[in-house]
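Observations on the three-dimensional arrangement
Each chain is listed here by its residues.
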Amino acid sequence: MKLTGVELLRVRMPLVAPFRTSFGTQAERELLLLRAVTADGEGWGECGAMVDPLYSSEYVDGVEHVLRTFLVPALLAAENLTANEVAPLLAKFKGHRMAKAALEMAVLDAELRAHGLSFGTALGSTRDSVPCGVSVGIMDTIPKLLDVVAGYLDDGYVRIKLKIEPGWDVEPVRAVRERFGDILLQVDANTAYTLSDVPQLQRLDPFELLLIEQPLEEEDVRGHAELAKHIRTPICLDESVVSARSAADAIALGACRIVNIKPSRVGGYLEARRVHDVCAAHGVPVWCGGMIETGLGRAANVALASLPGFTLPGDTSASDRFYRTDITEPFVLEAGGRLPVPSGPGLGVTPIPERLAEVTTAKAWLTP
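Attention here is on the structure that accompanies the text. (Residues numbered from 1 in each chain as written. Predicted model: local features only at pLDDT ≥ 70, side-chain atom pairs only at ≥ 80, totals over all residues. Heavy atoms only, no water.)

1. Details of the side chain of Thr21
Selection criterion: Secondary structure counts use DSSP, requiring at least four H or I residues in a row for a helix and at least two E residues in a row for a strand, with both numbered from the N terminus. Working rule for contacts: check all heavy atoms of both residues, and any pair within 4.5 Å makes them a contact.
With respect to the secondary-structure elements, Thr21 resides in strand β1 (residues 3–21). Those residues within four positions of Thr21 in sequence are excluded, and the remaining contacts are Ile138, Lys163, Glu165 and Asn190.

Now the structure itself:
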């Protein structure tokens, strides 16, 4: 497959409500989409990076620069490109996993569409639908939090994840547990704590949480292993796991009992499958995290979440969790709090041209 051009699209989409985490509040999602064009058709990619380097070191302007300057030209120069060759061809460029993931996703989508295969089939799907959880941001008040959680449970979501930070942890968890009883409940700290907070984190143990996600800094894998000795709540790593190798190391150190797999964070869906395989080999359950994706990224994530090792509900929520109008046909929660795995070629979805045009703020066309 010869790559003949790549279009970069800057997109800005308002959220249905501001989403607050320990590293800031988002009222809109500005992101970068890619359209990879080949002689046999095209494919779409989506970058998970945010506008600012808060969740990770990557950010939208930086992603666009490295794609324009290094990554896309390297693939345009390849005579016979496949998705499996993307990572080796880009390996000489250090880091930039989110940028590489978006480009690999677009190439993989184009390749699978040309062969009439779906993402799910290519990755190893074993289910035609997946159970869905929802991520609930930090709220101004506990009564507001309870109202929001009640709404998501009424919608049918089977698992609730609460964002936490120092000063917003034990009391909101207690309130949700007391109000809603034995629901599937977990928390996400986004690196907001240190080992000095062990006594506070121990106060979460009585609430029988599924997990606490990424309590410490992303590079502090040994710290997570130490923390695990002092709390009963299972530790799940997110930001710390950037590859299959890092997942294996974290598991070997006892730093986690669960792993959140975000394809953009680990460099793409092919590496995400390798992370899944490593975790499965060690009996470590995984689930699919989210980066407030459009329908493109959501389609790929749902396909990934249908692999056998994904035994916990992911952040694969319906389109209307974040967007009033998606750029693809919306993903709608079905009975039992599930989303169907797209079965069409490639991602199984494409942007609706009129909707994409409404939210696109800039375009760039890259050719050999």
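That covers the picture; the talk isn't over yet.
2. Thoughts on the sheet that holds strand β2 (residues 24–38)
Heads up, the condition is: What makes two strands pair is DSSP finding at least two bridges between them. Each axis is a line fitted through C-alpha atoms, and for a helix only the stretch in contact is used; angles between axes span 0 to 180 degrees, taken between their N-to-C directions.
With respect to topology, 4 strands assemble into an open sheet ordered β3-β2-β1-β13, the strand pairing being antiparallel. With one partner strand each, in any of the chains shown, β3 (41–46) and β13 (360–366) form the two edges of the open sheet. Put simply, the sheet's adjacent strands are angled 20 degrees from each other on average, direction ignored. The pairing of β2 with β3 spans 6 bridges and is antiparallel. Across the sheet, Leu34 pairs through a bridge with Gly45, a residue of β3. Most of the contacts of helix α1 (residues 60–76) go to β1, to which it runs at about 155 degrees, and overall it touches β1, β2 and β13.

3. Regarding the nonpolar core
The following threshold applies: Nonpolar core, defined: a set of buried Ala, Val, Leu, Ile, Met, Phe, Trp, Tyr and Cys residues in which side-chain atoms within 4.5 Å join the residues together. For each residue, the accessible area found with a 1.4 Å probe, counting protein chains only, is set against the maximum for its type, and the residue is called buried under 20%, exposed over 50%, and partly exposed in between.
Counting 127 residues, the largest nonpolar core has Leu67, Phe119 and Leu162 as the members making the most contacts within it. It is helix α3 (residues 97–115) that contributes the most residues to this core, 10 residues altogether. If near-sequence neighbours (up to four positions away) are discounted, Phe119 is found in contact with Met105, Leu108, Asp109, Leu112, Tyr269, Ala300, Ala303, Gly346 and Leu347.

4. Description of the packing of α1 against α3
Helices that pack against each other are described as a pair by the angle of their axes relative to one another and the distance between those axes. Using the following cut-off: Oblique is the label for any angle not covered by the other classes, which are roughly parallel (under 35 degrees), roughly antiparallel (over 145) and roughly perpendicular (65 to 115). Working rule for handedness: look at the near helix, and if it is turned counterclockwise from the far one by less than a right angle, call the crossing left-handed; if clockwise, right-handed. For this scheme, ten residues count as nonpolar: Ala, Val, Leu, Ile, Met, Phe, Trp, Tyr, Cys and Pro. Four count as charged, namely Asp, Glu, Lys and Arg, and the remainder, Gly too, count as polar.
The interhelical angle for the contact between α1 and α3, taken along N-to-C directions, is 50 degrees, at an axis separation of 10 Å. By the angle between their directions, the pair α1 and α3 is classed as oblique. Every pair of crossing elements has a handedness; the one defined by α1 and α3 is right-handed. Here Val63, Val66, Leu67, Leu71, Val72 and Leu75 of α1 come into contact with α3, specifically with Ala99, Lys100, Leu103 and Val107. A per-class count over the contact of α1 with α3 returns 9 nonpolar, no polar and 1 charged.

5. Some points on the sheet that holds strand β10 (residues 258–261)
The strand order β5-β6-β7-β8-β9-β10-β11 describes an open sheet built from 7 strands, whose pairing is parallel. Lying at the two open borders of the sheet, with one neighbouring strand each, are β5 (133–136) and β11 (286–288). In the sheet, strand β8 (residues 212–213) pairs with strand β9 (residues 235–237) via 2 bridges, with the strands oriented parallel. Paired with Ile212 across the two strands is Ile235, which belongs to β9.

6. Things to note about helix α11 (residues 269–281)
Going by this rule: Under the convention used throughout, the expected extent of a helix is 1.5 Å for every residue step, that is, one less than its residue count.
Its 13 residues place the ends of α11 18 Å apart at the C-alpha level, agreeing with the 18 Å of an ideal helix rising 1.5 Å per residue. Immediately downstream of α11, the backbone of Gly283 shows phi near 70 degrees, a positive value.

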